[in-house]
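# Survey of secondary and tertiary structure
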Amino acid sequence: MTTLLHIDASARPGLSGSTEHGSHSRRLSHRFVSAWKATRPHDEVIYRDIGAKPPGVVTGEWIEAGYTPEALRAPWMHGVLAESDALIAEIRRADVLVIGTPMYNFSMPAPLKSWIDNVVRIGATFDFDRSRENPYVPLLAERVRRTVLLTSCGSNGYGPGGFQAHMDLLTPGVATPLALLGLDELHRVSIEHAEDHGDLLDQSIAVALARVDALVHELQSAAHA
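For the structure given in this document, a descriptive report is provided here. Model, not experiment: these values are computed from the prediction.

Bringing the overall build of the chain into the picture now. Helix and strand counts for the chain come out as seven helices and seven strands. Taking 2.2 N^0.38 as the reference for a compact globule, 225 residues should give roughly 17 Å; the C-alpha atoms of the chain span a radius of gyration of 18 Å, in line with that estimate. Here the chain holds 225 residues, and 46% of them are scored as buried. Here the analysis covers contacts within the chain between residues at least 6 apart in sequence; of these, 72% occur between residues at least 24 apart. Placing the 20 positive and 27 negative side-chain charges of the chain at their respective mean positions leaves the two points 4 Å apart.

We now examine the packing of helix H1 (residues 24–39) against helix H7 (residues 198–223). How two helices pack is summed up by the angle between their axes together with the distance between the axes. Two numbers describe how H1 lies on H7: the axes approach to 9 Å, and their chain directions differ by 35°. The two elements H1 and H7 cross, and the hand of that crossing is right-handed. Taking contact as the criterion, the partners of His24, Arg27, Leu28, Arg31, Phe32, Ala35, Trp36 and Thr39 in H1 are, on H7, Leu201, Ile205, Ala208, Leu209, Val212, Asp213, Leu215, Val216, Leu219 and Gln220.

Buried residues dominate helix H5 (residues 110–119), accounting for seven of its ten residues. Turning to H5, its buried residues are Pro111, Leu112, Ser114, Trp115, Ile116, Asn118 and Val119. The elements touched by buried residues of H5 are strand S1 (3–8), helix H2 (60–66), helix H4 (82–93), strand S3 (96–102) and helix H6 (170–181).

Here S1 runs beside strand S2 (residues 44–49); their pairing, made up of six bridges, is parallel. Within S2, the residue paired with aspartate 8 across the bridge is aspartate 49.

With a phi close to 50°, asparagine 105 is a non-glycine residue in the positive phi region. Tracing the sequence through the fold places asparagine 105 in the loop between S3 and H5. Backbone geometry at phenylalanine 106 places phi at a positive 75°, although glycine is not the residue there. Examined against the element boundaries, phenylalanine 106 turns out to sit in the loop between S3 and H5.

With that settled, consider the packing of aromatic side chains. Applying the stated criterion across every chain yields a total of three aromatic pairs. Between phenylalanine 32 and tryptophan 36, the ring centres sit 5.9 Å apart and the planes meet at 25°, which makes this aromatic pair stacked. Of this pair, phenylalanine 32 and tryptophan 36 both sit in helix H1, four residues apart, roughly one helical turn. Assigned by exposure class, phenylalanine 32 and tryptophan 36 land together as buried. Seen in terms of ring centroids, phenylalanine 128 and tyrosine 136 are 5.2 Å apart; in terms of plane orientation they differ by 75°. Their pairing is edge-to-face. The exposure class assigned to tyrosine 136 is partly exposed, which follows from its relative accessible area of 38%.

A separate point is H1. Here H1 contains 16 residues, and its C-alpha end-to-end distance of 23 Å stays within 8% of the 22 Å for a straight helix at 1.5 Å per residue. Listed in full, the buried residues belonging to H1 are His24, Ser25, Arg26, Leu28, Ser29, Phe32, Val33 and Trp36. Elements that come into contact with the buried residues of H1 comprise S1, S2, S3, strand S6 (146–152), strand S7 (185–191) and H7.

Here the focus is the nonpolar core. One finds Ile91, Ile99, Leu112, Trp115, Val119, Val174 and Leu181 to be the most contacted residues of the largest nonpolar core, which totals 29 residues. For this core, the secondary structure elements donating two or more residues are S1, H4, S3, H5 and H6. Val189, Ile205, Ala208 and Leu209 belong to the second-largest nonpolar core, a separate cluster that totals 19 residues.

Taken in spatial order, the five strands line up as S2-S1-S3-S6-S7 in an open sheet, and their pairing is parallel. The open sheet terminates on both sides in strands that have one partner only, identified here as S2 and S7. For this sheet, the mean inter-axis angle between neighbouring strands, taken without regard to orientation, is 15°. Bridge count between S1 and S3: five bridges; the pairing is parallel. Counterpart to leucine 5 in the pairing with S3 is leucine 97.

What counts as what
Residues numbered from 1 in each chain as written. Predicted model: local features only at pLDDT ≥ 70, side-chain atom pairs only at ≥ 80, totals over all residues. Heavy atoms only, no water. Helix = DSSP H or I, 4+ residues; strand = E, 2+ residues; numbered from the N terminus. Rg over C-alpha atoms; globule rule 2.2 N^0.38 Å. Buried < 20%, exposed > 50% of the residue type's maximum accessible area, 1.4 Å probe, protein only. Contact = heavy atoms within 4.5 Å. Lys, Arg positive; Asp, Glu negative; His and termini not counted. Charge placed at Lys NZ, Arg CZ, Asp CG, Glu CD. Axes fitted to C-alpha atoms, helices over the stretch in contact; angles between N-to-C directions. Left-handed = near helix turned anticlockwise from the far one by under 90°. Pairing = 2+ DSSP bridges. Phe/Tyr/Trp six-rings, centres within 6.5 Å; stacked < 30°, edge-to-face > 60°. Expected span 1.5 Å × (residues − 1). Core = buried A, V, L, I, M, F, W, Y, C linked by side-chain atoms within 4.5 Å.

Below, the structure written as structure tokens:
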């Protein structure tokens, strides 16, 4: 059985195409999960809507607790790290991470940054060894976990080779910390022209939905080859 971890980060609660002012990124992520379940109905889906319920931000207490060896932590430290522990446990269970997120001001929404900050934790998801040329040691590389990043943006040209590719801080902002943990396979599909509306947006949505369907088939084939 394959386990999907489905994360939505958009502040908009509905899906575009069915809800007025609905989220394009949620539309893509729900399309991916629905298409996956259509052919593999018994696979597990863990759903976390961080757009509606953002994770807590990293505080000084969180840092103190996270850098204290587990055996030496005071009881309050375990409480401070409880949410982080739960988020990390979900990643450990997952085979495929499905992240639906809009681009806000060229980067990610604050809830997604908080989620990343909670799961990138020394001693839990990565270690640091100064004796190595590359001191970062991923702790979630014991098996393949694939990340599907489903995004939306107001304009176009943010993809590889695009005229605004250098302004895309969202994709590397997600890919780089996840690779640090050992999740270095990332697939991205995006809806563009969200601010243009009309034919340009409609065409982009159609292309993105088709790519999502193809990606589901591709990853299911790879997972069960």
